[in-house]
Amino acid sequence: MTAPGSAPFNDTPVGTLRSRRRVRHWLAGAGVTALAAVLGITLAVRGGATPACAAPPTGNTVHKAKASFYDAGRSGGNCSFPGPPADRLYVALGSSAYSGSAACGSYLDVTGPKGTVRVMVMDQCGGCGTGKIDLSDEAYAKIADRAQGIEQVTYRAVVNPPLDGGLTFRMKGGASRYWFAVQVGNHGNPLRSVEAQGPGAGFRKAARQSDNFWTVEGGIGPGPYSIRVTDVYGRQATATAIRLVTKQVQRSTATLAAPTPTPTPSSSPSAPPSPSIAPSPSTSESVAPTATIEALAGAAPLNAPRC
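Residues numbered from 1 in each chain as written. Predicted model: local features only at pLDDT ≥ 70, side-chain atom pairs only at ≥ 80, totals over all residues. Heavy atoms only, no water.

1. Looking at the pattern of salt bridges
Working step 1: Using the criterion set out here, one finds 7 salt bridges in the structure.
Working step 2: Of the charged contacts, one joins D211 and K172 as a salt bridge, the two residues approaching to 2.6 Å between their closest N and O atoms. Remark: K172 occurs in the loop between strand 7 (168-171) and strand 8 (179-185) and D211 occurs in the loop between strand 11 (207-208) and strand 12 (214-217); sequence separation between them is 39 residues.
Working step 3: Classification of D211 by relative accessible area gives buried; the value is 13%.
Working step 4: A relative accessible area of 18% places K172 in the buried class.
Working step 5: Via salt bridges that share partners, D71, R88 and E138 belong to a single interconnected network. (Salt bridge = Lys/Arg side-chain N within 4 Å of Asp/Glu carboxyl O. Helix = DSSP H or I, 4+ residues; strand = E, 2+ residues; numbered from the N terminus. Buried < 20%, exposed > 50% of the residue type's maximum accessible area, 1.4 Å probe, protein only.)

2. Observations concerning the packing of aromatic side chains
Working step 1: Across all of its chains, the model carries 3 aromatic pairs by this definition.
Working step 2: Ring centres of F69 and Y140 lie 4.7 Å apart, and the angle between their planes is 40 degrees; this geometry places the pair in the tilted category. Of this pair, F69 sits in strand 1 (residues 63-70) while Y140 sits in helix 4 (residues 137-143), placing them 71 residues apart in sequence. Each of the two residues, F69 as well as Y140, counts as buried.
Working step 3: Between the aromatic rings of F180 and Y225, the centroid separation amounts to 5.1 Å while the plane-to-plane angle is 85 degrees, which identifies the pairing as edge-to-face. Taken together, the residues F180 in strand 8 and Y225 in strand 13 (residues 225-231) connect sequence positions 45 residues apart. No difference in accessibility class separates F180 from Y225, as the two residues are buried.
Working step 4: Lying across the ring of F203, R228 places its NZ or CZ 4.0 Å from the centre. (Phe/Tyr/Trp six-rings, centres within 6.5 Å; stacked < 30°, edge-to-face > 60°. Lys NZ or Arg CZ within 6 Å of the ring centre and 35° of its normal.)

3. Some thoughts on the sheet that holds strand 11
Working step 1: The strand order 11-12-8-7-15 describes an open sheet built from 5 strands, whose pairing is antiparallel. At either end of the open sheet lies a strand with only one pairing partner, and these are strand 11 and strand 15 (249-251).
Working step 2: For strand 7 and strand 15, the ladder comprises 3 bridges, and the chain directions are antiparallel. Its bridge partner lying in strand 15, F169 is registered against Q250. (Pairing = 2+ DSSP bridges.)

The following block contains the structure:
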């Protein structure tokens, strides 16, 4: 299989070729009687507008869905990755769960009749609603009989999946000192924010794009950059010395770690209390932690949308 960074780069969403492959697989499983429905699915626009209430799978919630399968070839899908993961275990989600690329690079455990498989979110499935996912050929074969074509499954997010190495970064083609555009990889959990800092300047918040790049209009200079990454559970890491070199995967040693709660200041034992003035409660004497206990434990995302 192709290692990340060595496959031909493709920042363009997948098009006609994969749609044809998807038709072939669905027809094989559903039969001629489903032709009209299949055509209706394949004609749907991939990567359309993100629903008003959309969020990637997080936490411990178990979802029920129907799973089909497809082959992305050497493409990295709508997430614009350099290529599929080496094990070719990936999944495409509907627009709500894809959430404008917010799910890209996260992992799901999908369970079917034959067992459970762990897959990386790599793509958006334009014909998949909230109860439908599209697995890679290899992933589907591990949990269901391919002859069925479509199978009932359950899936849940993988919180803090074990990963090899640190965060990776890839500057988009066309990025320059005047237009910053970076893709973050090998983060495991869905990302909440990306901030970037150029030489002699402060951090600026980048905007997430539907192709899984984070951009800063007007740019932040020629680099090298420091990039601060925060996931939906409050885990954070900062990578430094990221260069302005486009379409190349730059590997770092930075890994996302749980935030450290700010300790509550304690009074000094050597300072005697005042006999005449009673101290008033002060908000400065009680500092809240930087994340909830649930977030630190990886059980629930911070600022989760309420739908």
